[in-house]
Amino acid sequence: MKKNILVTGASSGFGLLVANELHSKGYNVIGTSRNPEKYASMLPFKMIALDLDSEQSINTLPERIFKEIPQLDILINNAGFLVSGIAEETPIELGRQQLETNFWGTIKVTNAVLPYFRKQKFGKIITVGSIVGLVSFPNAAYYAASKHALEGYFKSLRYELDEFNISVSMIEPSAFKTNIVDNSSSTLKKIEDYNTLRKKIEKFTVNLVEQAEDPAIVAEKVLKVVQVDKPKFRNIVGKGTTALINLQHFAYGILEKGVLKKLNKA
Ligand SMILES: NC(=O)c1ccc[n+]([C@@H]2O[C@H](COP(=O)([O-])OP(=O)(O)OC[C@H]3O[C@@H](n4cnc5c(N)ncnc54)[C@H](OP(=O)(O)O)[C@@H]3O)[C@@H](O)[C@H]2O)c1
């Protein structure tokens, strides 16, 4: 029987690629968007509505899922966005929104699906975190916080769901060319003391965006986690990610110096 997979945020970027890849491999894919009607006719898989910021939308998600399919095998938590900017310049409300969508929205969707996974005694939860959930960089403190929080939460959840035959995994990509920067939010408030740093960060960010990789390899990584019987928790993907993780664990001082050097050179 074809496996049924829900991919949140399937209208753009990683989610769109992942959903297309899984559909082409014969899986029965349902994607989500806040505006599914905008994409439904263009995509080869079903699109249903989901807004991570709406309690009502998440509470009624199972109804929409099980209207389309009799059972769900895999949840791919991919939807999210980026708040960028210097931490002190970012209003708390915007920071809160970042956590509300990326962290709480993802947790609420997982909780909406878990009773069904527990009842059927199988399921797979794959969450798109970020390398920024393991290592932090300047200019994205709230984003990093939201991704670190996901990492910690799902690491704990993995133990709790083991006896129900439900696996929990993270995908941690580095920088890839999607629409995340165009769809990001930042603040207009500027604190003069940060003017020099801001200029460096702007250059650093331009370089990062220019060097961002083709996101097709992220879809391949997700496919592997989907295919494997007992996937591991951490799945990093992208140029330099292994080195970053090793430095983070074994030589944090060198990692910090490297980031500062790159920033000052920018
Ligand atoms: N691109 C990167 O370099 C990178 C690296 C590491 C991790 N990530 C993570 O990868 C995931 C996908 O991002 P992307 O790079 O593919 O960005 P993207 O192209 O901007 O796509 C974001 C997707 O998330 C959905 N979304 C955003 N806010 C939502 C909300 N409040 N409720 C429901 N859906 C929402 C969007 O759907 P609609 O607008 O149609 O609702 C869209 O399909 C995110 O979790 C992001 O943090 C990205």
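Residues numbered from 1 in each chain as written. Predicted model: local features only at pLDDT ≥ 70, side-chain atom pairs only at ≥ 80, totals over all residues. Heavy atoms only, no water.

1. Comments concerning the overall build of the protein
Operational definition: To qualify as a helix, a DSSP run of H or I must reach at least 4 residues; to qualify as a strand, a run of E must reach at least 2; elements of each kind are numbered from the N terminus. When we talk radius of gyration, it's over C-alpha atoms, and the globule rule is simply 2.2 Å times the number of residues to the 0.38. For each residue, the accessible area found with a 1.4 Å probe, counting protein chains only, is set against the maximum for its type, and the residue is called buried under 20%, exposed over 50%, and partly exposed in between. Any two residues having at least one pair of non-hydrogen atoms within 4.5 Å are treated as being in contact. Every accessible area reported is derived by Shrake-Rupley at a probe size of 1.4 Å, with residue values counting cover from the shown protein chains alone. Positive charges are assigned to Lys and Arg, negative charges to Asp and Glu, while His and the chain termini are left out of the count. By convention, charge coordinates are those of NZ in Lys, CZ in Arg, CG in Asp, or CD in Glu.
A count of helices and strands for the protein gives 10 helices and 7 strands. The C-alpha radius of gyration computed for the protein amounts to 19 Å, which stays within 12% of the reference 18 Å derived for 266 residues, consistent with globular compactness. Each principal axis of the C-alpha distribution contributes one length, and for the protein these read about 55 × 40 × 30 Å. Across the 266 residues of the protein, 46% fall into the buried class. Nonlocal contacts in the protein, meaning residues at least 24 apart in sequence, comprise 73% of its contacts between residues at least 6 apart. Of the roughly 13,800 Å² of accessible surface on the protein, 54% is carried by carbon and sulfur atoms. Here the protein contributes 34 positively and 27 negatively charged side chains, and the mean placements of these two sets differ by 5 Å.

2. Topic: the side chain of Thr187
Threshold: Polar contacts here mean pairs of N or O atoms no more than 3.5 Å apart (in protein, one a potential hydrogen donor and the other a potential acceptor; neighbouring residues in sequence count only if both atoms are side-chain atoms).
By secondary structure assignment, the location of Thr187 is in the loop between strand E6 (166-173) and helix H7 (195-211). A polar contact is formed between the side chain of Thr187 and the backbone oxygen of Glu89, at a distance of 3.4 Å. A polar atom in the side chain of Thr187 sits 2.9 Å from the backbone nitrogen of Lys189. Filtering out sequence-adjacent residues up to four positions away, Thr187 remains in contact with Ser84, Glu89, Thr90, Pro91 and Leu94.

3. Some remarks on the site of the ligand
Keep this limit in mind: A cutoff of 4 Å decides nearness: a residue is near a molecule or strand if any of its heavy atoms lies inside that distance of it. Residues are grouped as follows: Ala, Val, Leu, Ile, Met, Phe, Trp, Tyr, Cys and Pro are nonpolar; Asp, Glu, Lys and Arg are charged; every other residue, Gly included, is polar.
Lining the immediate environment of the ligand, one finds 30 residues, of which Ser11, Ser12, Ser33, Tyr143 and Thr178 sit closest. With respect to the ligand, the side chain of Ser11 contributes an N or O atom lying 2.6 Å from an oxygen atom. Arg34 places a main-chain nitrogen or oxygen 2.8 Å from an oxygen atom of the ligand. When the ligand sits alone it has 890 Å² of accessible area, and the protein chains cover 94% of it. Residue assignment for the shell around the ligand shows that the elements contributing at least two residues are helix H1 (13-24) and helix H6 (141-161). Tallied by class, residues from the shell around the ligand come to 12 nonpolar, 14 polar and 4 charged.

4. Quick word on the layout of surface pockets
Where empty space is left in the structure can be found by rolling a water-sized probe over the atoms. This is how the line gets drawn: Lining residues are those with an atom within 4 Å of a point, where the points come from a 1 Å grid over the protein atoms alone and group into cavities, where a 1.4 Å probe fits but cannot get out, or pockets, open sets with protein on both sides within 12 Å along at least five of seven lines. Grid points are joined across faces, edges and corners, and a volume is the space filled by probe spheres set on the points.
If you add up the space inside the second largest pocket, you get close to 430 Å³. Residue lining of the second largest pocket: 19 residues in total, with Gly123, Asn165, Ser167, Asp229 and Pro231 positioned closest to the centre. Among the elements of the structure, strand E5 (123-128), E6 and helix H8 (216-227) are those that each provide at least two residues to the lining of the second largest pocket. Element by element, the count of residues in the lining of the second largest pocket is highest for E6, at 3 residues. Residues belonging to the lining of the second largest pocket are distributed by class as follows: 8 nonpolar, 4 polar and 7 charged.

5. What to know about the side chain of Thr90
With respect to the element layout, Thr90 can be found in the loop between strand E4 (74-77) and helix H5 (92-120). Reaching out from Thr90, the side chain makes a polar contact with the backbone oxygen of Ile86 at a distance of 2.9 Å. When near neighbours in sequence (up to four residues on either side) are disregarded, Thr90 contacts Val83, Gly85, Gly95, Tyr142 and Thr187.

6. Structural notes on the confidence of the model for the protein
Just so we agree on the cut-off: The quantity known as pLDDT measures the predictor's confidence residue by residue, on a range of 0 to 100.
Per-residue confidence for the protein gives a mean pLDDT of 96; residues scoring 70 or more make up 100%. Looking at the elements of the protein, mean pLDDT is at its lowest for H7, recorded as 91, and at its highest for E4, recorded as 99.

7. Quick look at the pattern of salt bridges
Note the threshold: When a carboxyl oxygen of Asp or Glu lies within 4 Å of a side-chain nitrogen of Lys or Arg, that pair is called a salt bridge.
According to the stated counting rule, one finds 7 salt bridges in the structure shown. The partner of Lys108 in a salt bridge is Glu100, and the shortest N-O contact between them spans 3.4 Å. Look at the salt bridges and you will find they share partners, linking Glu55, Glu100 and Lys108 into a network.

8. A word on empty space enclosed by the protein
Tallying each qualifying case throughout the model produces 1 cavity of 30 Å³ or more. Estimated volume of the largest cavity: approximately 40 Å³. For the lining of the largest cavity, the secondary-structure elements that each account for two or more residues are H5, E5 and H6.

9. Things to note about the sheet that holds strand E2 (residues 28-33)
Here is the rule we go by: Following DSSP output, two strands are said to pair if at least two bridges run between them. Working convention: axes come from line fits to C-alpha atoms, limited for helices to the stretch in contact. Angles between N-to-C directions cover 0 to 180 degrees.
Spatial strand order, E3-E2-E1-E4-E5-E6-E7: 7 strands in an open sheet with parallel pairing. Of all strands in the sheet, those with a lone pairing partner are strand E3 (46-49) and strand E7 (234-237), marking the two edges. Averaged over all pairs of adjacent strands, the angle between strand axes in this sheet comes to 20°, irrespective of strand direction. Of the pairings in the sheet, the one linking E6 to E7 comprises 4 bridges and is parallel in character. Following the sheet pairing, Pro173 is matched in E7 by Val237. Most of the contacts of H1 go to strand E1 (residues 4-7), to which it runs at about 165°, and overall it touches E1, E2, E4, E5 and E6.

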